[in-house]
Amino acid sequence: MVSRIVLNETSYHGAGAILEIPGEVKKRGFKKAFVSSDPDLIKFDVTSKVTKILEDNGMDYEVFSDIKPNPTIENVISGVEAYKKSGADYIIAIGGGSSIDTSKAIGIIVANPEFSDVRSLEGVAPTKNPSIPIIAVPTTAGTAAEVTINYVITDVEKKRKFVCVDPHDIPVVAVVDPDMMATMPKGLTAATGMDALTHAIEGYLTKGANPITDMFNLKAVELIANSLRGAVENSSEGREGMALGQYMTGMGFSNCGLGIVHSMAHALGAVYDTPHGVGNAILLPTVMAFNASETGEKYRDIAKAMGVKHTKKMTSQEYRNAAVEAVRQLSSDVGIPADLKDIVKEEDVKFLAESAVADACAPGNPREASLEDIISLYQSLM
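Reading the values: rules and limits
- Residues numbered from 1 in each chain as written.
- Predicted model: local features only at pLDDT ≥ 70, side-chain atom pairs only at ≥ 80, totals over all residues.
- Heavy atoms only, no water.
- Pairing = 2+ DSSP bridges.
- Helix = DSSP H or I, 4+ residues; strand = E, 2+ residues; numbered from the N terminus.
- Axes fitted to C-alpha atoms, helices over the stretch in contact; angles between N-to-C directions.
- Buried < 20%, exposed > 50% of the residue type's maximum accessible area, 1.4 Å probe, protein only.
- Expected span 1.5 Å × (residues − 1).
- Contact = heavy atoms within 4.5 Å.
- Parallel < 35°, antiparallel > 145°, perpendicular 65-115°, else oblique.
- Left-handed = near helix turned anticlockwise from the far one by under 90°.
- Nonpolar A, V, L, I, M, F, W, Y, C, P; charged D, E, K, R; others polar.
- Core = buried A, V, L, I, M, F, W, Y, C linked by side-chain atoms within 4.5 Å.
- 1 Å grid on protein atoms, 1.4 Å probe; cavity = no way out; pocket = protein on both sides within 12 Å on 5 of 7 lines; lining within 4 Å.
- Points joined across faces, edges and corners; volume = space filled by probe spheres on them.

1. Brief notes about the sheet that holds strand β3 (residues 60-64)
On the basis of which strands lie adjacent, the open sheet formed by six strands has the order β1-β8-β5-β4-β2-β3 and parallel pairing. The open sheet is flanked by β1 (10-13) and β3, the only strands paired with a single partner. The sheet shows a mean angle of 15° between the axes of neighbouring strands, direction not considered.

2. Some details on the pairing of strand β2 (residues 32-37)
A regular strand places its side chains on the two faces of the sheet in alternate fashion. Of all six residues in β2, six are buried; the element is thus mostly enclosed. The two faces of β2 match: K32, F34 and S36 on one face and A33, V35 and S37 on the other face are all buried. Relative to β3, β2 runs parallel, the two sharing five bridges. Bridging across to β3, S36 finds its partner in F64. Looking at chain direction, β2 and strand β4 (residues 90-95) are connected through five bridges and run parallel. Among the inter-strand pairings, S37 is bridged to a residue of β4, identified as I94.

3. Comments concerning helix α12 (residues 316-333)
Between its terminal C-alpha atoms α12 stretches 26 Å, which fits the 26 Å expected from 18 residues at 1.5 Å a residue. The set of residues buried in α12 consists of Y319, R320, A322, A323, V324, A326, V327, L330 and S331. Contacts made by the buried residues of α12 are with α6 (186-205), α7 (211-232), α10 (276-291) and α11 (298-305). Note on α12: the residue one or two positions beyond its end, G335, has a positive phi of about 90°.

4. Describing the environment of P167
Summarising the element assignment, P167 is placed in the loop between β7 (160-165) and β8 (173-176). With 103 residues separating them along the chain, P167 and F64 place their C-alpha atoms 24 Å apart. In contact with P167, other than residues within four places in its own chain, are R4 and I149.

5. Quick word on the packing of α6 against α11
In helix packing, the relevant descriptors are the interaxial angle and the interaxial distance, both defined with respect to the helix axes. Between α6 and α11, the least distance of the axes is 10 Å, while the angle of their chain directions is 155°. With respect to α11, the axis of α6 lies roughly antiparallel. Judged by the twist between their axes, the crossing of α6 over α11 is right-handed. Seen from α6, the contacting residues are I201, Y204 and L205; seen from α11, they are K298, Y299, D301 and I302. Tallied by class, residues from the contact of α6 with α11 come to five nonpolar, no polar and two charged.

6. Focus on the nonpolar core
Among the nonpolar cores identified, the biggest contains 76 residues, and L197 and Y378 are the most heavily contacted of them. Apart from residues lying up to four places away in sequence, L197 is in contact with V221, I224, L284, M306, V327 and L330. In this structure, I73, V76, V118 and Y151 belong to the second largest nonpolar core, which totals 27 residues.

7. What to know about empty space enclosed by the protein
Under the definition given, this model contains one cavity of 30 Å³ or more. When its volume is computed, the largest cavity comes out at roughly 60 Å³. In terms of lining residues, the largest cavity is bounded by I201, E202, L205, T206, V261, L284, V287, M288, N291, N365 and P366. Secondary-structure elements contributing two or more residues to the lining of the largest cavity are α6 and α10. Ranked by residues supplied to the lining of the largest cavity, first place goes to α10 with four residues. Of the residues assigned to the lining of the largest cavity, the class counts are seven nonpolar, three polar and one charged.

In structure tokens:
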């Protein structure tokens with residue numbers, strides 16, 4: 001079987017990495033930046049950490065901030081129009097998945113105007129041209145949008161999220177600076193961190209996994225398990241470990257796919273605007289238990305990476321239970337709710353399940369999941 005691996009042209013990692021941006025801009029001959037960042041990051045002077053560097057180096061830019069936490073079709077359309085009017089020739093995306101995903105959609109449509117209907121990008125769209133060049137600067141340790149070929153847009157009218165998969169959308173440069181993540185509040189750190197853990201575990205288990213993606217994803221499980229509690233307490237070691245761990249799993253899952261945890265979480269985000277990482281964290285242990293029978297010995301590896309001792313002596317049932325419990329315990333330790341009781345309404349369950357079944361992540365799940373299976377999984381957490 002042939003496996004394809006798509007990664008950034010260049011990535012920078014470590015405290016102070018944003019200082020490398022001017023060098024990349026000059027080397028690539030860029031003239032004006034379209035700085036795409038959400039309003040809160042601008043309000044709390046996170047975006048200005050980068051724009052100050054641009055100013056100090058005499059580099060022109062324009063800021064775009066019409067971005068929501070779950071970016072919408074309307075956000076993308078307004079961004080495309082703003083980019084065209086700006087005179088910019090590249091994008092600097094500063095933020096979490098919302099800012100970077102919006103930037104990817106903008107960059108793809110500007111470079112491929114025949115896809116101006118944002119819905120036409122769902123799934124694997126046959127775009128011909130690479131996106132407008134993007135330098136991605138993540139401010140959360142979770143989505144790894146800076147290194148993936150995926151982005152997610154919310155269709156408010158139809159109350160659904162849709163996943164777009166396109167090698168043309170990957171940022172040319174990723175700048176992963178843990179100092180840009182230091183102002184994240186505890187709740188956001190926990191949620192985005194559990195999103196990263198979900199990427200790593202689902203990527204390790206998905207049908208599309210291969211030895212290269214397994215290497216990235218399993219190491220990411222270990223890094224995240226060792227770092228997330230510290231990151232929530234804002235330790236420098238925790239932040240650095242999470243910054244690396246979330247990027248590492250991005251290199252993995254972007255090249256092998258995910259599963260129904262993401263499918264189900266996408267549905268929650270579209271209907272209730274549930275933070276993506278919270279939805280993933282609540283669903284992950286339950287879906288892991290559902291998938292366990294179809295995962296061979298991989299849960300032994302996950303349990304060990306999560307810090308469980310003596311996994312070699314365990315039976316398959318013991319190490320599967322241990323892996324699920326270790327994930328559940330980490331989620332609890334960082335303050336994630338245990339269930340969906342305060343989120344999901346019974347009358348919405350069938351629609352949520354239908355959306356999850358239709359989601360682009362669903363086919364990668366290691367165990368086939370019917371509509372009835374997904375309804376039962378939602379209901380078991382209510």
